[in-house]
Amino acid sequence: MNVTLAVKQYVSKMIENSGPGMKVLLMDKETTSIVSVVYTQSEILQKEVYLFERIDSQSRDNMKHLRAICFLRPTKENVESLIQELRRPKYSIYFIYFSNVISKSEIKALAEADEQEVVAEVQEFYGDFIAVNPHLFSLNLTGVARGRSWDPSLLLRTTQGLTSVLLALKKCPMIRYQLSSDMAKRLGENVKQIITKEYELFDFRKTEVPPLLLILDRSDDAITPLLNQWTYQAMVHELLGLNNNRIDLSRVPGISKDLREVVLSADNDEFYANNLYLNFGEIGTNIKNLMEDFQKKKPKEQQKLESISDMKAFVDNYPQFKKMSGTVSKHVTVVGELSRLAAERQLMEVSEVEQELACQNDHSSAQQNVRRLLQSSRVGELDAVRLVMLYALRYERNSSSILPLLLDDLNRKGVSERHRRMVQSMVEYGGKRVRGSDLITPTDAVAITKQFFKGLKGVENVYTQHQPLLHDTLDQLIKGRLKDSQFPYLGASSLRDRPQDIVVFVIGGATYEEALSVYNLNRAMPGVRIVLGGTTIHNTKSFLEEVTSAAGAGTGGTHGVGRHPSRR
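Fair warning: this is a prediction, and the values are worked out from it, not measured in the lab.

Asks: Looking at this model, I keep getting lost on the overall build of the protein chain. Mind explaining?
Replies: Helices and strands together make up the secondary structure of the protein chain, namely 20 helices and 18 strands. Burial status across the protein chain gives 52% buried among its 568 residues. Considering only residue pairs separated by 6 or more positions, the protein chain has 82% of its internal contacts joining residues 24 or more positions apart.

Asks: Teacher, can you tell me more about the confidence of the model for the protein chain here?
Replies: Detailed conclusions should not be drawn from predicted coordinates in areas where pLDDT is low. With 88% of its residues at a pLDDT of 70 or more, the protein chain shows a mean pLDDT of 85. Taken as a whole, residues 443–460 scores under 50 in pLDDT and shows 9 contacts with residues more than four places along the chain or in a different chain. Below pLDDT 50 for its whole length, residues 554–568 participates in 38 contacts with residues either more than four positions away or in separate chains.

Asks: What exactly am I supposed to notice about helix α6 (residues 152–168) here?
Replies: Residue pairs spaced three or four apart in an α-helix point in one direction, given the helix's 3.6 residues per turn. Across its 17 residues, α6 extends 24 Å between first and last C-alpha, which sits within 8% of the 24 Å expected from 1.5 Å per residue. Within two residues after α6, Lys170 carries a phi angle of roughly 60°, on the positive side.

Asks: How do you make sense of empty space enclosed by the protein when you look at a structure like this?
Replies: In this approach the atoms are scanned with a rolling probe the size of a water molecule, which exposes any empty space left behind. Per the stated rule, a full pass over the model turns up 2 cavities of 30 Å³ or more. In this structure, the largest cavity encloses a volume near 80 Å³. Along its surface, the largest cavity is lined by 13 residues, and Gln229, Glu238, Thr511, Tyr512 and His538 are the ones closest to its centre. Counting only elements with at least two residues in the lining of the largest cavity, the list comes to α8 (232–239) and α19 (512–524). Among the elements that line the lining of the largest cavity, the one with the most residues is α8, at 3 residues. Within the lining of the largest cavity, the residues separate by chemical class into 4 nonpolar, 7 polar and 2 charged.

Asks: Help me understand the sheet that holds strand β3 (residues 67–72) in this model?
Replies: Strands belonging to one sheet form pairs held by backbone hydrogen bonds; the direction of such a pair is parallel or antiparallel. Ordered in space as β2-β1-β3-β4-β5, the 5 strands form an open sheet in which the pairing is parallel. The sheet terminates laterally at β2 (49–54) and β5 (119–124), the two strands that pair on one side only. Each neighbouring strand pair of the sheet contributes to a mean axis angle of 15°, computed without reference to strand direction. Contacts from helix α4 (residues 76–87) reach β1 (23–27), β3, β4 (93–98) and β5 within the one sheet, and its direction differs from that of β4 by about 170°.

Asks: Got a minute to help me understand the environment of Leu26 in this structure?
Replies: In this fold, Leu26 is placed in strand β1. A relative accessible area of 0% means that Leu26 is categorised as buried. What Leu26 contacts, discounting residues up to four positions off in sequence, is Glu53, Arg54, Ile55, Arg60, Ile69, Cys70, Phe71, Leu72, Glu85 and Tyr91.

Asks: For this particular structure, what's the right way to read the side chain of Glu514?
Replies: For Glu514, the location among the structural elements is in helix α19. Excluding anything up to four places from it in sequence, Glu514 contacts Arg218, Asp221, Thr224, Pro468, Leu470 and Leu532.

Asks: Looking at this structure, I do not really get the sheet that holds strand β13 (residues 246–248). What am I missing?
Replies: Sheet architecture is open: 3 strands sit in the order β12-β13-β14, paired in antiparallel fashion. Lying at the two open borders of the sheet, with one neighbouring strand each, are β12 (242–243) and β14 (261–263). Note: β12 against β13, 2 bridges, orientation antiparallel. In the sheet register, Leu242 faces β13, and the bridge partner there is Ile247.

Asks: Even after reading the chapter, I still don't get the packing of aromatic side chains, so can you show me in this structure?
Replies: One pass over the full model with this rule turns up 10 aromatic pairs. Measuring from centroid to centroid gives 6.0 Å for Phe137 and Phe505, while their planes differ by 20°, and the two rings are stacked. A residue pair is termed long-range when its members are at least 10 positions apart, and Phe137 in strand β7 (residues 136–138) and Phe505 in strand β15 (residues 501–507) qualify at 368 residues. The pair formed by Phe137 and Phe505 is uniform in burial state, with each residue classed as buried. Both rings, one in Tyr232 and one in Tyr272, keep their centres 5.9 Å apart while their planes meet at 70°; by these two values the pair is edge-to-face. Note that Tyr232 is positioned in helix α8 and Tyr272 in helix α9 (residues 270–275), a separation of 40 residues in sequence. With respect to burial, Tyr232 and Tyr272 carry one shared label: buried. Within the aromatic cluster, the residues linked to one another by ring pairs are Tyr10, Tyr97 and Phe125. Residue placement shows Lys8 over the ring face of Tyr39; its charged tip is 5.1 Å from the ring centre.

Asks: Any chance you could explain the pairing of β5 here in plain terms?
Replies: Walk down a regular strand and you will see the side chains alternate between the two sheet faces. Where β4 lies against β5, 5 bridges are found, and the strand directions are parallel. The residue of β5 that forms the bridge with Ile96 is Val122. In this fold, β4 hands off to helix α5 (residues 104–113), which returns the chain to β5; that crossover is right-handed.

Asks: Teacher, can you tell me more about the pattern of salt bridges here?
Replies: Any two side chains of opposite charge can pair, given that their charged atoms come close. Under the defined criterion, the tally for this structure stands at 27 salt bridges. Residue Arg345 pairs with Asp383 through a salt bridge whose shortest N-O separation is 3.0 Å. On the criterion of sequence distance, the pair formed by Arg345 in the loop between α11 (308–344) and α12 (347–359) and Asp383 in helix α14 (residues 381–394) is long-range, its members being 38 residues apart. Side by side, Arg345 and Asp383 carry an identical accessibility label, which is buried. Each of Glu238, Arg345, Glu354, Asp383 and Arg386 takes part in one network of salt bridges that share partners.

Asks: Help me understand the packing of α12 against α14 in this model?
Replies: Helix-helix packing is described using two parameters, namely the angle between the two axes and the distance between the axes. Interhelical geometry of α12 versus α14 gives an angle of 15° and a closest axis separation of 9 Å. By the angle between their directions, the pair α12 and α14 is classed as roughly parallel. As α12 packs across α14, the resulting crossing turns out to be left-handed. On the side of α12, the interface is formed by Leu347, Val350, Val353, Glu354, Leu357, Ala358 and Cys359, while α14 contributes Asp383, Arg386, Leu387, Leu390, Tyr391 and Arg394. Grouping the constituent residues of the contact of α12 with α14 by class yields 9 nonpolar, no polar and 4 charged.

Thresholds, definitions, all that
Residues numbered from 1 in each chain as written. Predicted model: local features only at pLDDT ≥ 70, side-chain atom pairs only at ≥ 80, totals over all residues. Heavy atoms only, no water. Helix = DSSP H or I, 4+ residues; strand = E, 2+ residues; numbered from the N terminus. Buried < 20%, exposed > 50% of the residue type's maximum accessible area, 1.4 Å probe, protein only. Contact = heavy atoms within 4.5 Å. pLDDT = per-residue confidence, 0-100. Expected span 1.5 Å × (residues − 1). 1 Å grid on protein atoms, 1.4 Å probe; cavity = no way out; pocket = protein on both sides within 12 Å on 5 of 7 lines; lining within 4 Å. Points joined across faces, edges and corners; volume = space filled by probe spheres on them. Nonpolar A, V, L, I, M, F, W, Y, C, P; charged D, E, K, R; others polar. Pairing = 2+ DSSP bridges. Axes fitted to C-alpha atoms, helices over the stretch in contact; angles between N-to-C directions. Phe/Tyr/Trp six-rings, centres within 6.5 Å; stacked < 30°, edge-to-face > 60°. Lys NZ or Arg CZ within 6 Å of the ring centre and 35° of its normal. Right-handed = clockwise from strand over helix to strand, strands pointing away. Salt bridge = Lys/Arg side-chain N within 4 Å of Asp/Glu carboxyl O. Parallel < 35°, antiparallel > 145°, perpendicular 65-115°, else oblique. Left-handed = near helix turned anticlockwise from the far one by under 90°.

This is the structure we're talking about:
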């Protein structure tokens, strides 16, 4: 169950099928992102693909010596663009691959447009999602909710994305969903409908224990996306923003031109692959070791190139040296910027209080600490607001809550009205009334005992003591203890055995902290394979936009990123 490998294999197969010779890869906006996350341009160049073009680009030249590999989403617009392309072909031969199911009528329209008979093949390759890590995928959709209901065009896109993940992984699952969420039930029903309609596509070899798709709603755990992060990938996304594995560093003071945008990909960067899930303290040590290693391998200034073999050795080692030099300067810059931001924004102190709000239940200490930080001039607007939100969620039903006082503190601090109003939106989005789970106060004896022991043991790291609700949900699921009353099955049948292959999908966005939980569960539970996906991957900023969008839409406001629906 590896989503990165699944998409990589699709792309390799497309290139392989097109045979030898120079090729152009023709994509749309979304498939460009899908391919760029799993393959670097230089890797694709080695496969004789010399040109990358967008189907919607008006400025493409006629190049009859090139073979065209088209990888497109099956949208109405793309099919129309392709029809125009085939009427006046710019390339010698076309291999067409759609990232999802395409209708017979659209295939017919393409066949009719192909008067010059340039189309060699049309196939469906189900890479209709962004493979972020081997066990993590995203659909890059924000603002999916209107109040507590789906935006219809985004429900369609989410259904397509999720069914394509199942097809890419060759899984025909049983479906469970979060009962407290109408959106989870709607999505589950839509996925089930596609599985029934396209039953031939889902006719995979039966396994002893059927795979399971678990659909959850972000509103059940609004705390996780509000917390500062201290592991490498999560921290980069929280403080700098990771977009399709790319980071924009253009605002970093004194940044050099070639480091304004950097790519962090575990596939092509050994240091990143090894440090993805380590905490920030360990990264500091590892970056120091990387620097020292680099210094040793650096060609000596006075190195004598006296013989041909000396020169050959130097030339052979130079590409590796240059690659290592790029890796070192990239990570030193990224880690340096994370350190600068953590110090400038007092994130150690802020994070300690966030973790206390998320994990402890000491109201008098919490209110003192939050008020103390709100009065600090070094704590910025975003961090101040997230502290008040965490307090509002944690002590929502507490009779001595000081939330009005904290909102006054935010006002005195000069926090914008827009941000102050978000506090109420957050409680409406993920408060007690909405949640189907015991996110904050465990009610059963087992959970209380567990929390008690957690408190006794003490934590080895105060900044990472929080565990997402998803961790407990999956733990219960794997042990066969997840309640049917809270997470019912769609349809009459249910699993008798413990699940082995699990795809868990979070409507409203997953987080890198949850991806770390899934990574750890995969390692700790042999025989269990879990893949996590979300409509997007959130940091605090994008999560606040998601919540505002749902709140605004619920009262007739605008919603997030709109997408054109495709015909299916």
